[in-house]
Amino acid sequence: MKPLISLLSLLLMAGHVVYCTAQTNEANRIRPYAANPRYWQYKDKPVLLLGGSKDDNLFQIPDLQEHLDEMVSAGANYIRNTMSDRPDFGFEVHAFQKRADGKFDLEQWNEEYWKRFENMLRWTAERDIIVQIELWDMHDMLRPDYWAAIPWNPDRNVNYLFENTRLPRRPSPTAYRNGESVGRPHEFFHSVPAVNNDEVLLSFQRRFIDRVLEHALRYEHVLYCISNEIHTEYSPEWGWYWARHLRQRAAQAEKGIEVAEMYWAPKLTHRAHRDSLDRPEVYSFFEASQNSAVLDPQENWDGLQFVYQNLNSRPRPINNTKIYGADTGGAWTGTTQNAHEKFWRNIIGGSAASRFHRPASGLGLSEPAKVHIKSLRMLTDAMNVFVCEPRNDLLSERSPNEAYCAAEPGRQYAVYFPAAGQVKLDVSEASGTLQTRWLDIGRSAWQEPQTIEGGAILDLKTPGKGHWAVLVQRSK
């Protein structure tokens, strides 16, 4: 611990970084919930992660504090933050210092980049917003226009050449066929010893990750995802290497951390996901967000349930940091209605986190997104979601995509309706008096509760059109 403290002290004295000074401990950090590791706990209490935000590399936006406050007011407590510095909107800055000749020096930091990152960590900690960091964004390298300008390109820095690395002058164009990428993998993601062993490039990659950790390891509200949408033709050794590196650095700082990888494979039954599912010692949570590219409701639900069942022997949280879908997006993303449904299916289906992707391929923190975040928070605050399981088997006379159920049989049942519908719910294990409450999701409003007798089959019919949820609980 002393070497890390010494380094941080030097940075503080140099005026580079302002760190959170609160003393933290293992009990307070974000980690799998001790009583049910399918969920998260933070500050020693279980927490359900819901979110929506307007950008990928959120730490770079100029109005970040206002945006975070808007999230909190809607009931959101979860953001995605890529460490990307590609210039999508013009306000982004690079992590490295740019010289007078226009080239970058990878041994010199651009402190404005790191100041923004530190501010994001501090401001989210103050608001109890959980941050999921994606360390590497594959799209920074694959698009030729991005690669031509990025500091990692040997033509753009003074630290290495194409001749002494394995980096290509022009990455292969990426296309998609049947939901999977085709084309030559970018050698930037082959630098690790088990693949290309490109020690020149890898040394600078490690230096960058270590700087990220100098900031992030000071905080207790950070989750780590290795990559954004790493394609299935890349070696899993890339993610495994960085997961080990993160854990080694955390161990040196006497910290615990949680790590995952995100594969671009919309079908969660794809072989690539086994590299996460079968390695709980490497990846302590599962990132399922690409499942939201599966637009068929039943297939979307079945994919999530496939993962849920595969984690039975070693339960871990399932996060969905990106929910695609917006009327402004392309056909592949799905509609606004489709996004709302996926947001709810994730939580009813046993996920620990659900977040709307940024526009234009997601709803971000738009007004429709805020309504659904608020309503889902209202439902889960009124029940103990942390002991429930997906239980569609308790529903009968159900049409496809008509209703979805999570339950703790005998005590509580939550049923979500994407539209007007009518199903039967088996509450035979719940004897005695029950209370039913309907939640008008579009208005974020509860209807008056009703008292019924349990121990039988309950007929549920939505009170109107639109999205509805009903909570059935045993009376106290």
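Please read these numbers as outputs of a predicted model, since none were measured by experiment.

### Focus on the overall build of the protein chain
What the protein chain contains, in helices and strands, is 11 helices and 27 strands. Seen through its C-alpha atoms, the protein chain measures out along the principal axes to roughly 75 × 50 × 40 Å. Looking at the protein chain residue by residue over its 476 residues, the buried ones come to 59%. Of the contacts made within the protein chain by residues no fewer than 6 positions apart, 70% connect residues no fewer than 24 positions apart.

### Digging into the environment of D296
For D296, the position within the fold is in the loop between β15 (286–287) and α9 (297–310). The class of D296 is partly exposed, set by a relative accessible area of 37%. Distance from D296 to G334, taken between C-alpha atoms, is 9.4 Å for residues 38 residues apart in sequence. Reaching out from D296, the side chain makes a polar contact with the backbone nitrogen of Q298 at a distance of 3.2 Å.

### Points about the sheet that holds strand β3 (residues 45–47)
In space, the three strands of this open sheet follow the order β1-β2-β3, with antiparallel pairing throughout. The sheet is open, and its two edges are formed by β1 (31–32) and β3, each paired on a single side. With two bridges connecting them, β1 and strand β2 (residues 40–42) associate as antiparallel partners. Paired with R31 across the strands is Q41, a residue of β2.

### Comments concerning the pattern of salt bridges
Under the counting rule described, the total for this entry stands at 33 salt bridges. Among the salt bridges present, the one from D459 reaches K424, with a minimum N-O distance of 3.7 Å. In this pair, D459 sits in strand β26 (residues 457–461) while K424 sits in strand β22 (residues 422–426), placing the two residues 35 residues apart along the sequence. In this structure D459 comes out as partly exposed when scored by relative accessible area, which is 42%.

### Observations regarding unusual backbone geometry
Omega for the bond connecting P359 with A360 falls within 30 degrees of zero, at 10 degrees, which places this linkage in the cis form. Along the polypeptide, A360 turns up in the loop between β17 (353–356) and α11 (367–381). Phi at K43 takes a positive value of approximately 55 degrees, unusual for a residue other than glycine. Its place among the elements puts K43 in the loop between β2 and β3. Residue E229 is not a glycine yet carries a positive backbone phi of 60 degrees. Tracing the backbone shows E229 in the loop between β11 (222–228) and β12 (230–231).

### Description of the sheet that holds β22
On the basis of which strands lie adjacent, the open sheet formed by three strands has the order β19-β22-β26 and antiparallel pairing. Two strands bound the open sheet, and with one partner strand each, they are β19 (395–396) and β26. For β22 and β26, the ladder comprises five bridges, and the chain directions are antiparallel. Bridging from a neighbouring strand, V423 pairs with L460 of β26.

Cut-off values and rules
- Residues numbered from 1 in each chain as written.
- Predicted model: local features only at pLDDT ≥ 70, side-chain atom pairs only at ≥ 80, totals over all residues.
- Heavy atoms only, no water.
- Helix = DSSP H or I, 4+ residues; strand = E, 2+ residues; numbered from the N terminus.
- Buried < 20%, exposed > 50% of the residue type's maximum accessible area, 1.4 Å probe, protein only.
- Contact = heavy atoms within 4.5 Å.
- Polar contact = N/O pair within 3.5 Å; in protein donor to acceptor, adjacent residues only side chain to side chain.
- Pairing = 2+ DSSP bridges.
- Salt bridge = Lys/Arg side-chain N within 4 Å of Asp/Glu carboxyl O.

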